[in-house]
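Structural overview
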Number of protein chains: 2
Amino acid sequence: MISKTCGYAIRGIVFLALEQNKHRKHGILEIAEDLQIPQHFLGKILQDLVRRGIINSIKGPHGGFFVNAKTIDTPLIEVVEAIDGLGIFKKCFLGREECSSTNPCPLHDEFDGCRSAIFKTFENLKIADLVTKIDNGDSYLSLNKEFATEI
Amino acid sequence: MISKTCGYAIRGIVFLALEQNKHRKHGILEIAEDLQIPQHFLGKILQDLVRRGIINSIKGPHGGFFVNAKTIDTPLIEVVEAIDGLGIFKKCFLGREECSSTNPCPLHDEFDGCRSAIFKTFENLKIADLVTKIDNGDSYLSLNKEFATEI
DNA sequence: ATAAAAAAAGAGTCTTTTATCTTTATTTAA
DNA sequence: TTAAATAAAGATAAAAGACTCTTTTTTTAT
Ligand code: FES
Ligand code: FES
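As a starting point, this report considers the structure included with it. Just so it is clear, the structure is predicted and the values come from calculations on it, not from any experiment.

Reading the values: rules and limits
- Each residue is numbered by its place in its chain's sequence as written, counting from 1.
- Written order determines the labels here, with chains lettered from A and ligands numbered from 1.
- Only residues with pLDDT of at least 70 are given local features in this predicted model, and only at 80 or more are side-chain atom pairs given and counted; all residues enter the totals for whole chains, interfaces and linings.
- To get the side-chain values, take all heavy atoms of the structure and skip hydrogens and water.
- Least-squares superposition of the copies uses the C-alpha atoms of those residues scoring a pLDDT of at least 70 in each of them.
- Any two residues having at least one pair of non-hydrogen atoms within 4.5 Å are treated as being in contact.
- Note on aromatic pairs: the rings of Phe, Tyr and Trp (six-membered ring only in Trp) are paired at centre separations within 6.5 Å, and the planes decide the class, stacked below 30 degrees, edge-to-face beyond 60, tilted for the rest.
- Runs of H or I in DSSP of at least four residues are treated as helices and runs of E of at least two as strands, each being numbered from the N terminus.
- Buried residues are those whose accessible area, probed at 1.4 Å on protein chains only, stays under 20% of the maximum for their type, while exposed residues exceed 50% and partly exposed ones sit between those limits.

Once turned by 180 degrees and shifted 0.0 Å along the axis, chain A lies on chain B with an RMSD of 0.0 Å. Both copies of the chain, as the preceding transformation shows, are related through a two-fold rotation axis. The rotation axis passes nearest to the C-alpha of A:Met1 in chain A, at a distance of 2.6 Å. Of the interface residues in chain A, 100% have counterparts in chain B that sit at the interface too, so the contact is made through matching surfaces.

Turning next to the packing of aromatic side chains. As enumerated under the stated definition, the model contains 10 aromatic pairs over all chains in all. Between A:Phe93 and A:Phe111, the ring centres sit 5.3 Å apart and the planes meet at 65 degrees, which makes this aromatic pair edge-to-face. Taken as a pair, A:Phe93 in the loop between α4 (76-83) and α5 (108-124) and A:Phe111 in helix α5 lie far apart in primary sequence, 18 residues in all. With respect to class, A:Phe93 is no different from A:Phe111; both count as buried. Here B:Tyr8 and B:Phe41 contribute two aromatic rings whose centre-to-centre distance is 6.0 Å and whose plane-to-plane angle is 85 degrees, an arrangement assigned as edge-to-face. Pair noted here: B:Tyr8 is in helix α1 (residues 4-17) and B:Phe41 is in helix α3 (residues 39-51), with a separation of 33 residues, a long-range link.

Take a look at the structure:
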């Protein structure tokens, strides 16, 4: 659905916005190791997000990435738009050149509702919502090795 | 969601299984032109489907691709499995290495139901169902230029 | 037998996505 | 004012997906 890159972006932002993280800066190495994302790749993604104003950064010693005033209120769709573009919601499921409700493919009606639901979810969910889930211990940004080993 | 290749596969099979098509053979060139899919690329895809027994083919003059006894009863999930594999339904939305319901990412609960619904739809829908939609004039395998021009 | 038609197979290209490595620019602190 | 830390940028590469071109094999019809 959304690209791996876009998932990295969302996880990176949420990491910065977590309650215990949001008042300090984080170097790219720290974020990448914590989230288990290739460092320089994540670097470029976060740089994009800085340009878009979704997060901030400063260079130099004690520099790093950090949240700004709008970060936690950013709807996920804005991140998706920044990274993947909204075109991902407009592709025909069967690979036709266009998706059209007046000239639909045989899967259009089956899945169009689902696609709209996903789109709306991305519109409604904000970074803050994901942060809450994690602060509550309901979900996790990286795979928890403890869970994997406690067989 | 599913790959472009997989969409091509489904459209190719459905084309062969349409009421007016199902009693004769069709050359790859004819199919590719009709569906507007790159010829040799579609050729390879259909060859895969022949190996899987989903459709049949014979070489030589008057040869081509054609439906067999099981074609119309093939559930779409079987085509998806053949082309993309079922792994596409098991990837974490946020690009973590694994998707886990005991150690979920913050989008897991939001979208897992939707993903299951899509999976079940692919399990339940058969080629015959798509053929019916097209025979009824409810949907189309290729973009209809008439629709595009009749502004 | 031979030629032609068609799928099958092989090999290669182009593009996009994902990832790595290296260099540069900026900032801080000593 | 120099060294170190760090983001930013640039260049390259690896992998996957999508597509093309060429050759081979099989079959049919003459
Ligand atoms: S999804 Fe195929 S036409 Fe809309
Ligand atoms: S979708 Fe992310 S853990 Fe399941």
